[in-house]
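# Per-entry structural report
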Amino acid sequence: PWLQSLDKPCRLLLHALASGPSGTLAALRMLQRVEALEGPGQAFPWQSLTAALCAQEPALEGPEGALAVRHPRLLLLPVVCQRNLFSLLLVVQAAIPEGCLSRLLQATEQCSHPDAWMRMLGDLLRQGLMREGHSPAPVPMSAACQQQLGRRGAAADAVPQGGKRKKVSEESLESDEEREGRSPLLEEAAFDPPGTQEHGDTAGVEEEVPVETSGGRSTQSPAGTALESAPQDAAEELRETSQAELAAEVQSFLQHSALSIPPELHILNKCSPSQLEGLCSFLQLSTCPEQLLGRFCSWLLALTPDLSYTSAAVLAEQLFLRRVLSLARPPSRHLMAALASFCSKYSQPFCRVLLAAVMREPGEGAEQTKLVCELVEECLEPDSVILVLSQVLEVPLSEKLLPVVQAVLGRQEVIPPELFDLLVLTLCRHAPAFAMSQNYAKLVMAVLTTYQSQVTPGHRSCLAAALDHSKAALRKSLQAVL
């Protein structure tokens, strides 16, 4: 998800770097095209790319897949992409703004199992930084040098005539321990092929690679055609495999069968709100199967220490908001069980986030209203019931909200005097709009009977004036009560 927030040049550069062993050359060509399109003097946004790659991202680490938050995104990229990036930095080091290289090098130092190539490339970049103050900046490669580099890269990847293609696997330098320490979750959707709106740009990155023949001419061989399509096929295969592995691992985590809390969940108490949002997105909590929600919420109830108000609010939004707002039929028993479980301990943040959003949602929202009424009647604590009433009175009163107020009054909780005054005033103020409403008449009746001890003479005179507009069947009964 974070990849989509980057500028288009940054996304294209990462796509090029992840395209395979020749990713450095593809990225260099892409930088040249960006400069040609934007015009001279328009620098590549290295600061934005550096900030994105050095930002922290949730990840699974270790053989047991423990959740960790403090990982720079750079370390979550595929190893071949990291190597290609640092190889590119060596070539264009003079054009990179001061500070960007240092931040990227500091990010790589946080890796517990550094790659041998990355360690070597990092040492070379550090040497370059140390020499900057003592020697003139290196001269960028000439067009002839770049063309020669392109020919050598193509020749290295080409199939020799009459022989088998030599396979050089960069991944062979990765030890088994490094692979065990890196979860497939870490290399997921970041390198999905760009959308149709970017085909024109990516086409420029994946241009034809000439192959020299014995006659000295540059022709396009069948092997060259296969090489052109290989990065695209590999990226598609990586995308499909990564997404399948991601879904499988997340579902496996949520289906944790032990009675105790998964140890990974203790990290929730250490996350900032932004980190927690990223973690929820990483675990796909907003779209996970509803039958797993109840189990996850039971873990939250048993978690010690309790979640902070802010963390509970973030979880309420991530777990339930999308599901509740999209209801077009009665909620499933799994969803209702999860809602009831969450409300039993974190009803205040739940009401602030979820119920407030439902009340402000335009339209009738019949299923949402029924759900709120059921939660008010059966799940919420007394202080949260009063909070719901105060939230209703903060927005314009509508026919959709009348059953919610009725459910609140049905709980017969003690309403603070100032809030009760506001309720009566709101009912009187909106009386003309509900002249034909039976729900409005029932609500006024509940106020006069259930809270008879709190109704003052001033309230009675105000409600009597409001009933002059009513044409509901209960009008005479209401006037008799008054």
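Above this text you will find the structure in question.
Throughout what follows, the structure given in this document is the object of discussion. (Residues numbered from 1 in each chain as written. Predicted model: local features only at pLDDT ≥ 70, side-chain atom pairs only at ≥ 80, totals over all residues. Heavy atoms only, no water.)

### Considering the packing of aromatic side chains
Quick reminder of the rule: Aromatic pairing here means that ring centres of Phe, Tyr or Trp (its six-membered ring) are within 6.5 Å. Orientation follows from the plane angle: under 30 degrees is stacked, over 60 is edge-to-face, and everything else is tilted. Comment: elements are numbered from the N terminus, with helices defined as DSSP H or I runs of at least four residues and strands as E runs of at least two. Categorising residues by exposure relies on relative accessible area from a 1.4 Å probe, with only protein chains included: less than 20% of the type maximum marks a residue as buried, more than 50% marks it as exposed, and the intermediate range marks it as partly exposed.
The tally for this structure, following the rule as stated, stands at eight aromatic pairs. Ring geometry for Phe320 and Phe350: centres 6.2 Å apart, planes at 75 degrees, overall edge-to-face. A residue pair is termed long-range when its members are at least 10 positions apart, and Phe320 in helix H14 (residues 309–325) and Phe350 in helix H15 (residues 333–360) qualify at 30 residues. On the accessibility criterion, Phe350 (0% relative accessible area) is buried. Consider the rings of Phe342 and Tyr346, whose centres lie 5.6 Å apart with planes at 45 degrees: the pair is tilted. Here Phe342 pairs with Tyr346, and both are found in helix H15, just four residues apart, close to one helical turn. The residues Phe342 and Tyr346 share a single accessibility class, namely buried.

### Focus on the environment of Gly122
Note that Gly122 resides in helix H7 (residues 116–131). For the pair formed by Gly122 and Arg83, sequence separation is 39 residues and the distance between their alpha carbons is 9.8 Å.

### A word on the side chain of Arg323
Quick reminder of the rule: None of His or the chain ends enter the tally, which takes Lys and Arg as positive and Asp and Glu as negative. A pair is scored as a salt bridge if a Lys or Arg side-chain nitrogen falls within 4 Å of a carboxyl oxygen belonging to Asp or Glu. Whenever two N or O atoms come within 3.5 Å, that pair is a polar contact, provided that in protein one can donate a hydrogen and the other can accept it, and provided that, for residues adjacent in sequence, both atoms are side-chain atoms. In what follows, a contact means two residues having at least one pair of non-hydrogen atoms within 4.5 Å.
If you trace the backbone, Arg323 turns up in helix H14. Buried charged residue Arg323 carries no salt bridge. Nearest counter-charge: Glu290, at 4.3 Å. Of note is the side chain of Arg323, whose polar atom sits 3.5 Å from the backbone oxygen of Ser286. If we skip the residues at most four places from it in the chain, Arg323 touches Leu285, Ser286, Thr287, Cys288, Glu290, Leu293 and Leu335.

Function-wise, these values are silent; they only describe arrangement.
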